[in-house]
Number of protein chains: 2
Amino acid sequence: MSAPSGAGKTTLGRSLLEREAGLQHSISYTTRAMRSAEQDGVDYHFVSREDFQRMIDKGEFVEWARVHDNYYGTCLADIERLCSQGHDVLLDIDVQGAEQLRARGLDAVFIFIVPPDMEVLHQRLQKRDTDPPEVIATRVKNARQEMQQASRYDYIVINDKLDEAVQTMHAIIKAEHSRAQRVMPKVRRLGV
Amino acid sequence: MSAPSGAGKTTLGRSLLEREAGLQHSISYTTRAMRSAEQDGVDYHFVSREDFQRMIDKGEFVEWARVHDNYYGTCLADIERLCSQGHDVLLDIDVQGAEQLRARGLDAVFIFIVPPDMEVLHQRLQKRDTDPPEVIATRVKNARQEMQQASRYDYIVINDKLDEAVQTMHAIIKAEHSRAQRVMPKVRRLGV
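Quick look at the structure, then. (Residues numbered from 1 in each chain as written. Chains lettered and ligands numbered in written order. Predicted model: local features only at pLDDT ≥ 70, side-chain atom pairs only at ≥ 80, totals over all residues.)

### As for the sheet that holds strand 3 (residues 45-46) of chain B
Residues and elements named next belong to chain B.
No. 1: As summarised here, the arrangement of the four strands in space is 3-2-5-4, forming an open sheet in which the pairing is mixed. The open sheet has two edge strands with one neighbour each: strand 3 and strand 4 (61-67).
No. 2: Of the pairings in the sheet, the one linking strand 2 (residues 29-30) to strand 5 (residues 70-75) comprises two bridges and is antiparallel in character. Note on strand 5: the bridge partner recorded for T30 is Y72.
No. 3: Against the sheet, helix 4 (residues 95-104) engages strand 4 and strand 5, with an angle of about 155° to strand 4. (Pairing = 2+ DSSP bridges. Helix = DSSP H or I, 4+ residues; strand = E, 2+ residues; numbered from the N terminus. Contact = placed C-beta atoms within 7 Å. Axes fitted to C-alpha atoms, helices over the stretch in contact; angles between N-to-C directions.)

Pasting the structure below:
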């Protein structure tokens, strides 16, 4: 799952995880400062720039990216552990991270979340009330650039009403479980 | 939607049409004899072999096939009319018909329905109580052959419990509406 800042990705992801028993979140590693409402090991694993670099060097990230001068990464071992337990894994990654994941050829489904319009995106960024106007302006500009990558994703979910967007995400997960390549092993076991 | 006889496709299709307001069934044309419970223009358009051939010659079918000595076809004009009214169109076609539809390059989603196992398929065919044992044996043999084509479809739905299969079909339809190539025109209109 990727989205520009202000598309409502974090809230959507949380609602989805509450609804989907089989879905687990892989907690990303980041070098950015912890916000007041956040918890280490819950929202992110907050690590130093040095520790992050060590993990890059050891090849421990399935994807990592630098965004707004901070680093974010997803640990391959975390994903493998969750998958081996029979879970689907939700990754919250940016367009650079998605590109790395595509290149890895993992069995992944790429979903891009967009705001219903640019005005809503701007409003959501302002409401967050943590960033000065020039940072918001940069985020809006970045959002436009990121949204041009949307066509490289499998699905695009317009996050207008949260509940509808959650239902669409649920439908995508359910449908993808019935993709022919994932069901064929079962069909072959029917002895046809 | 395709399925071998006995996979429960007809019941599944009916339940789905009841649930999905936006979904319409394109009624096929056939040369086979009408069964006692069927109605002309509702279950099929029942036509003579000569009329069917005239429609083939005029190119009126988007797909047609011969199955068990009978002919079945889907009229292109019917689909175009339903689509122009904003509907999704459900086609009930066999593996040969699906192959023709693929070759046409229409914006279609291919779903193959399979029984939970071959024993259930056999039981369902026997329960139908309209066919002599040798016809049932042929249908089981055909079913095995058709199921080998399942990997050419986009989705495979295992029809074990009807309600679950309907929910899966619903999820597939909902998810496909969010496929990136179908949503990108909307994203471009956001002015990114």
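From this point, the discussion proceeds with the structure in view.
### What about the relation of the copies chain A and chain B?
No. 1: Once turned by 180° and shifted 0.0 Å along the axis, chain A lies on chain B with an RMSD of 0.0 Å. Considering both components of the superposition, the chain copies are consistent with a two-fold axis. Distance from the rotation axis, computed per C-alpha, reaches its smallest value in chain A at A171 of chain A: 2.2 Å. (Least-squares fit on C-alpha atoms with pLDDT ≥ 70 in both.)

### Thoughts on the nonpolar core
No. 1: I111 and I113 of chain A together with I111 and I113 of chain B are the most contacted members of the largest nonpolar core, which totals 62 residues.
No. 2: Apart from residues lying up to four places away in sequence, I113 of chain A is in contact with M1, A3, A7, G8, K9, L12, V157 and N159 of chain A. (Core = buried A, V, L, I, M, F, W, Y, C linked by C-beta atoms within 7 Å. Buried ≥ 20, exposed ≤ 12 C-beta atoms within 10 Å, placed from the backbone.)

### With respect to the packing of helix 1 (residues 9-19) of chain A against helix 7 (residues 162-177) of chain A
Residues and elements named next belong to chain A.
No. 1: Where helix 1 meets helix 7, the closest approach of the two axes is 10 Å, and the angle between their N-to-C directions is 60°. By the angle class used here, helix 1 and helix 7 are oblique. Between helix 1 and helix 7 lies a crossing whose hand is right-handed. Along the contact surface, helix 1 presents T11, L12, S15, L16 and R19, while helix 7 presents L162, A165, V166, M169 and H170.
No. 2: Residues of the contact of helix 1 with helix 7, tallied by class, amount to six nonpolar, three polar and one charged. (Parallel < 35°, antiparallel > 145°, perpendicular 65-115°, else oblique. Left-handed = near helix turned anticlockwise from the far one by under 90°. Nonpolar A, V, L, I, M, F, W, Y, C, P; charged D, E, K, R; others polar.)

### A look at the interface of chain A and chain B
No. 1: Each partner contributes residues to the interface: chain A has 29 residues there, and chain B has 29 residues.
No. 2: Breaking the side of chain A that touches chain B down by element, the ones donating at least two residues are helix 6 (133-147), strand 8 (155-158), helix 7 and helix 8 (180-189) of chain A.
No. 3: Looking at side-chain class alone, the side of chain A that touches chain B contains 18 nonpolar, five polar and six charged residues.

### Notes on the sheet that holds strand 2 (residues 29-30) of chain A
Residues and elements named next belong to chain A.
No. 1: Read across the sheet, four strands follow the order 3-2-5-4 without closing on themselves; strand pairing throughout is mixed. Looking at which strands have only one partner, the edges of the open sheet turn out to be strand 3 (45-46) and strand 4 (61-67).
No. 2: Bridge analysis of strand 4 against strand 5 (residues 70-75) gives six bridges, and the strand direction is antiparallel. Bridge pairing in strand 5 links W64 to G73.
No. 3: Against the sheet, helix 3 (residues 76-84) touches strand 4 and strand 5, its axis set at about 35° to strand 5.

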